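A look at the structure
Each chain, written out:
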Amino acid sequence: DTGVSQDPRHKITKRGQNVTFRCDPISEHNRLYWYRQTLGQGPEFLTYFQNEAQLEKSRLLSDRFSAERPKGSFSTLEIQRTEQGDSAMYLCASSIPETGTQYFGPGTRLLVL
Amino acid sequence: AQSVTQLGSHVSVSEGALVLLRCNYSSSVPPYLFWYVQYPNQGLQLLLKYTSAATLVKGINGFEAEFKKSETSFHLTKPSAHMSDAAEYFCAVSERINFNKFYFGSGTKLNVKP
């Protein structure tokens, strides 16, 4: 068990550029979550997958955000036309639904200049 | 609808003193409750969880929490603080049925003074 990994750990981009983040969950976990965390706040739910199906999206997830989990394993989160307000830590977590326990990755810190 | 309120964004204790971090929740369905710890520039690590068994839950690193339905609370305690406990702590609630969404509080930063 290598834990949840995220790549990259840090990303600096200019406003208007597109960025993509990757999350590799724990291998036997069929549920995967994305969260956004801003300074001084707790994680805010963005979306989650059960295997390859995206089952719920938060209202926070504007049309510029898209997430995929094509084979039910790793997931990507893409932000198009980034804005300064997108600057945050993006956290991924995975779980086995029956236990309810989420295991978090180290996060990707995004800075939009 | 579910939500979590953590009273006190910063708590400071002396090493060896009691740690008490407060969490109150709101849930329209029976909740599952969690406490996570986050060290700087790291992801969240589960400390403990309440899943409708014993109301007093013991977790890692000597932490425990008690579920009090009448008070809608799930406060985190540790009898004796250690310097290594300095971190940010988050309380979270989820619906018991689906675990489809988790709602986190805004966190409490614990400072431990020597």
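To keep things clear, this report deals only with the structure shown in the data block. None of the values given here were measured: they were computed from a predicted structure.

**Re the overall build of chain B**
Within chain B, the secondary structure is distributed over 0 helices and 12 strands. Seen in sequence order, chain B has helices and strands lined up from the N terminus as β-β-β-β-β-β-β-β-β-β-β-β. Seen along its three principal axes, the alpha-carbon backbone of chain B occupies a region of about 45 × 30 × 20 Å. Considering only contacts in chain B between residues 6 or more positions apart, those separated by 24 or more positions represent 57%. If you sum the accessible surface of chain B, you get close to 5,300 Å²; carbon and sulfur atoms cover 52% of it.

**Looking at the overall build of chain A**
The number of helices and strands found in chain A is 0 helices and 11 strands. Traced from its N-terminal end to its C-terminal end, chain A shows the element sequence β-β-β-β-β-β-β-β-β-β-β. A compact globule built from 113 residues would reach a C-alpha radius of gyration of about 13 Å, and chain A, at 13 Å, matches this within 12%. For the C-alpha atoms alone, the extent of chain A along its principal axes is close to 40 × 25 × 25 Å. When burial is assessed residue by residue, chain A has 49% of its 113 residues classed as buried.

**Some words on the pairing of strand β5 (residues 44-50) of chain A**
Residue and element names in this part refer to chain A. In terms of burial, β5 is largely enclosed, as 5 of its 7 residues are buried. Bridge count between strand β4 (residues 31-37) and β5: 6 bridges; the pairing is antiparallel. When the bridges of β5 are listed, W34 appears paired with T47. Two strands pair when backbone bridges link them, and β5 and strand β6 (residues 53-57) are joined in this way by 4 bridges, in the antiparallel orientation. Along β6, the bridge assignment pairs T47 with K57.

**Notes on the pairing of strand β10 (residues 87-95) of chain B**
Residues and elements named next belong to chain B. Summarising burial for β10: 8 of the 9 residues are buried, a large majority. Here 8 bridges tie strand β5 (residues 31-38) to β10, and the two strands are oriented antiparallel to one another. In the sheet register, Y36 faces β10, and the bridge partner there is F90. As paired strands, β10 and strand β12 (residues 108-113) are joined by 3 bridges and run antiparallel to one another. By the bridge assignment for β12, Y89 is matched with T108. Summarising the sheet, β10 and strand β11 (residues 102-104) pair through 3 bridges and their orientation is antiparallel.

**Some points on empty space enclosed by the protein**
All chains considered together, the criterion is met by 1 cavity of 30 Å³ or more. Estimates place the volume of the largest cavity at around 40 Å³. If you go around the largest cavity, the residues you meet are R9(A), H10(A), M89(A), P106(A), G107(A), R109(A) and N41(B). Tallied by class, residues from the lining of the largest cavity come to 2 nonpolar, 3 polar and 2 charged.

**A few points about a nonpolar patch on the surface**
Together, I12(A), L111(A) and L113(A) make up a nonpolar patch on the protein surface, roughly 300 Å² of accessible area in all. As for its placement among the helices and strands, L111(A) is situated in strand β11 (residues 108-112).

**Thoughts on the interface of chain B and chain A**
With 18 residues of chain B in contact, the opposing surface of chain A contributes 23 residues. For the pair chain B and chain A, the summed buried surface comes to about 1,700 Å²; carbon and sulfur atoms form 50% of the total. Taken together, the links from chain B to chain A amount to 0 salt bridges. The tally of links between chain B and chain A comes to 3 residue pairs in polar contact (both at pLDDT 80 or more). Secondary-structure elements contributing two or more residues to the side of chain B that touches chain A are β5, β6 (44-50) and β11 of chain B.

**Examining the packing of aromatic side chains**
Across all of its chains, the model carries 18 aromatic pairs over all chains by this definition. Pairing Y50(B) with F67(B) gives two aromatic rings, centres 4.1 Å apart and planes at 15°, and the pair type is stacked. Placement of the pair is Y50(B) in strand β6 and F67(B) in strand β8 (residues 64-68), with a sequence separation of 17 residues. We note that Y50(B), like F67(B), is buried. Three or more aromatic residues link up through ring pairs in this structure, and these residues are Y33(A), Y35(A), F45(A), Y48(A), F104(A), F34(B), Y36(B), F102(B) and F104(B). Across from the ring centre of F74(A), 3.9 Å away, lies the NZ or CZ of R22(A), which sits over that ring.

Procedures and definitions
Residues numbered from 1 in each chain as written. Chains lettered and ligands numbered in written order. Predicted model: local features only at pLDDT ≥ 70, side-chain atom pairs only at ≥ 80, totals over all residues. Heavy atoms only, no water. Helix = DSSP H or I, 4+ residues; strand = E, 2+ residues; numbered from the N terminus. Contact = heavy atoms within 4.5 Å. Areas by Shrake-Rupley, 256 points an atom, 1.4 Å probe, with all protein chains shown as cover. Rg over C-alpha atoms; globule rule 2.2 N^0.38 Å. Buried < 20%, exposed > 50% of the residue type's maximum accessible area, 1.4 Å probe, protein only. Pairing = 2+ DSSP bridges. 1 Å grid on protein atoms, 1.4 Å probe; cavity = no way out; pocket = protein on both sides within 12 Å on 5 of 7 lines; lining within 4 Å. Points joined across faces, edges and corners; volume = space filled by probe spheres on them. Nonpolar A, V, L, I, M, F, W, Y, C, P; charged D, E, K, R; others polar. Patch = residues over 30% accessible without salt bridge, like charges linked within 9 Å, V, L, I, M, F, W, Y side chains within 5 Å. Salt bridge = Lys/Arg side-chain N within 4 Å of Asp/Glu carboxyl O. Buried area = accessible area lost by both parts, 1.4 Å probe. Polar contact = N/O pair within 3.5 Å; in protein donor to acceptor, adjacent residues only side chain to side chain. Phe/Tyr/Trp six-rings, centres within 6.5 Å; stacked < 30°, edge-to-face > 60°. Lys NZ or Arg CZ within 6 Å of the ring centre and 35° of its normal.

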